[in-house]
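In case you want the letters, here they are:
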Amino acid sequence: MTIYEKNMQAIREHHVRLHEYLETAQPEQSVEIRYEAAEDEMLYPIVTKGGLEYRLNSKYNPKEASMQYVSQFEKEGSYSVFFLLGFGDGRSIEALAQTLDETMTLIVYEPSVAIFQKTLETFDYTELLKKKNVYLIVESENMLQDYLESGISFNNIRMLRLGILPNYDSIYPKDVNIC
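Rules used in this analysis
- Within every chain, residues take consecutive numbers counted from 1 along the sequence as written.
- Whole-chain, interface and lining totals are the exception, using all residues; otherwise, since this is a predicted model, local features are given only for residues with pLDDT of at least 70 and side-chain atom pairs are given and counted only at 80 or more.
- Side-chain metrics rest on all non-hydrogen atoms present in the structure, leaving aside hydrogens and water.
- Each aromatic pair joins two rings of Phe, Tyr and Trp (for Trp, the six-membered one) with centres within 6.5 Å, and gets the label stacked for planes under 30 degrees apart, edge-to-face for over 60, and tilted for any other angle.
- Here a helix means four or more residues in a row that DSSP labels H or I, a strand means two or more in a row labelled E, and each is numbered from the N terminus.
- With a 1.4 Å probe rolled over the protein chains alone, any residue whose accessible area is under 20% of its type maximum counts as buried; one over 50% counts as exposed, and the rest are partly exposed.
- Any two residues whose heavy atoms approach within 4.5 Å at even a single point are treated as in contact.
- Note on definitions: salt bridges are taken to be side-chain nitrogens of Lys or Arg within 4 Å of carboxyl oxygens of Asp or Glu.

Undergrad: With reference to specific residues and values, describe the packing of aromatic side chains.
TA: For the structure on display, the rule yields six aromatic pairs. Taking 5.5 Å as the distance between ring centres and 75 degrees as the angle between the ring planes, the aromatic pair formed by Tyr35 and Phe123 counts as edge-to-face. Linking Tyr35 in strand 1 (residues 31-37) with Phe123 in the loop between helix 5 (113-122) and helix 6 (126-130), this pair joins segments that are 88 residues apart in sequence. Given a relative accessible area of 15%, Tyr35 falls into the buried group. Owing to a relative accessible area of 14%, Phe123 belongs among the buried residues under this scheme. Taken together, a centroid distance of 6.1 Å and an interplanar angle of 50 degrees make the contact between Phe123 and Tyr125 tilted.

Structure, rendered in structure tokens:
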């Protein structure tokens, strides 16, 4: 079974609406994504859009950069919701998810089917995809409303944290402004 098939199986089992959407979604043609080896030999994504290139992680040490990004979020107190724009290479999402307890929720909005699918082909995120307090929204205006109606409880929330992965504000400025 390929990495992509393993990830899709986890999505099919734990994110039914997302799986249904991805079964018919067509990656946008305006975005190209490729992976290159960083100086520490880990892969990191580079997105080309509108003739410009954007790195979605460090070209030196992607894991360390992800940990540094996650460190900005205060995780004290229960019932926090973290809303991130961008899945990127998934390292920051996975690192943040590992620091959350069961009273905390992580919602990730990825505006690009192409980026999300390429990441699922490249990295095994089955454990992340199985977490009950992680919700994924990929390029769909109605999917957030579906999740709200299907069980995310926003009662007793004390904190809402918004994060934007590096360069997503340049690649998707309209989506960032909506948030």
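Undergrad: Give a description of the environment of His14 that names residues and reports values.
TA: Topologically, His14 is positioned in helix 1 (residues 3-14). Taking the C-alpha atoms as reference points, His14 and Thr126, 112 residues apart in sequence, are found 10.0 Å from one another. With residues up to four places along the chain from it excluded, the contact list for His14 reads Leu129 and Lys130.

Undergrad: Got a sec to walk through the pattern of salt bridges? Specific residues and values, please.
TA: All told, the structure shown has five salt bridges when counted by the stated rule. Here Arg34 ties to Glu36 by a salt bridge, and the two come within 3.1 Å at their closest N and O atoms. Of the charged contacts in the structure, one is a salt bridge between Glu127 and Lys130, with a shortest N-O distance of 3.7 Å. In this pair, Glu127 and Lys130 both sit in helix 6, three residues apart, roughly one turn of the helix.

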